[in-house]
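Structure assessment
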Amino acid sequence: MSFLFGNRSSKTFKPKKNIPEGSHQYELLKHAEATLGSGNLRMAVMLPDGEDLNEWIAVNTVDFFNQINMLYGTITDFCSEDSCPVMSAGPKYEYHWADGTNIKKPIKCSAPKYIDYLMTWVQDQLDDETLFPSKIGVPFRKNFMSVAKIILKRLFRVYAHIYHQHFDAVMQLQEEAHLNTSFKHFIFFVQEFNLIDRKELAPLQELIEKLTTKDR
């Protein structure tokens, strides 16, 4: 959650997505932050009693977008067209961008370009009131869960790129504890609701096992 980052530099890659104060989703976010504060991440990701699953996934998806936004924002100086000419997560995994609307055929591009496309696309989904309704009583679309899964699958790729290509920079900036806590929270969340296929998580499988084994 954003509180993990305290009063550090508020540099983000894209503008932060705010959940309106006083809304039910804002209350859910506060509940999640309070549970996270207990230090038990497995408990923190569980659906609170009596809450709507779609709404819980929506609130957390917005929060993960904000976290990744902030984490990538801290290392943008190290992620350039020259240093990262392709979007990769180690030598075995390379990602090509397509959004199905503006870019239908996957294109090979640099990591900063890919992440710009990705975060802009996610932001557009989060800003769509028909997909992520912020008002009480407005129903979620039938395809909400499938879109949320695509968003989370793509956000994972930013974590994977940071870990594989920029972990030295993360350590230099003394951000590794924030990165690890954020990623662990993300993984527990997607595991709890089965939101990302195991094969998509392969680039960070060893790290996932290391971070989650002691919490089983």
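Residues numbered from 1 in each chain as written. Predicted model: local features only at pLDDT ≥ 70, side-chain atom pairs only at ≥ 80, totals over all residues. Heavy atoms only, no water.

1. Quick notes on the overall build of the protein chain
A tally of helices and strands in the protein chain yields 7 helices and 2 strands. Listing the helices and strands of the protein chain from first to last along the sequence gives α-α-α-β-β-α-α-α-α. In the protein chain, which comprises 216 residues, the share counted as buried stands at 50%. A separation of at least 24 residues holds for 74% of the contacts in the protein chain among residues at least 6 apart in sequence. (Helix = DSSP H or I, 4+ residues; strand = E, 2+ residues; numbered from the N terminus. Buried < 20%, exposed > 50% of the residue type's maximum accessible area, 1.4 Å probe, protein only. Contact = heavy atoms within 4.5 Å.)

2. Points about the UniProt feature "binding site: Zn(2+)" (unreviewed entry) in the protein chain
In the numbering used here, UniProt assigns the feature "binding site: Zn(2+)" (unreviewed entry) to Cys79, Cys84, His161 and His166. For the annotated residues, spread through 88 residues, the largest C-alpha to C-alpha distance comes to 9.9 Å, consistent with a single compact locus. Along the chain, the position of Cys79 falls in the loop between helix H3 (53-75) and strand S1 (87-88). Filtering out sequence-adjacent residues up to four positions away, Cys79 remains in contact with Tyr72, Cys84, Ala111, Pro112, His161 and His166. Summarising the element assignment, His166 is placed in helix H5 (residues 144-172). (UniProt positions renumbered as here; feature names shortened; annotations may be inferred.)

3. A short note on helix H7 (residues 205-213)
Listing the buried residues of H7 in full gives Gln205, Leu207, Ile208, Leu211 and Thr212. One side of H7 carries all its buried residues, which in axial view fall inside an arc of 155 degrees. Every exposed residue of H7 that faces more than 90 degrees away from the buried side is listed here: Glu206 and Lys210. On its buried face, H7 sits against helix H2 (41-44), H5 and helix H6 (176-192). (Arc of directions from axis to C-beta.)

4. A short note on the environment of Glu175
Tracing the sequence through the fold places Glu175 in the loop between H5 and H6. Take Glu175: its relative accessible area is 11%, and that puts it in the buried class. Through-space distance from the C-alpha of Glu175 to that of Leu71 is 8.3 Å; in sequence the pair is 104 residues apart.

5. Section: the packing of aromatic side chains
Taken as a whole and assessed by the stated rule, the structure comprises 14 aromatic pairs. Between Tyr95 and Tyr114, the aromatic rings sit 6.3 Å apart at their centres with planes inclined by 35 degrees, giving tilted as the arrangement. In this pair, Tyr95 sits in strand S2 (residues 94-95) while Tyr114 sits in helix H4 (residues 111-126), placing the two residues 19 residues apart along the sequence. Take Tyr95: its relative accessible area is 9%, and that puts it in the buried class. Given the relative accessible area of 0%, Tyr114 is considered buried. Over the face of the ring belonging to Tyr117 we find Lys113, whose NZ or CZ atom lies 5.2 Å from the ring centre. (Phe/Tyr/Trp six-rings, centres within 6.5 Å; stacked < 30°, edge-to-face > 60°. Lys NZ or Arg CZ within 6 Å of the ring centre and 35° of its normal.)

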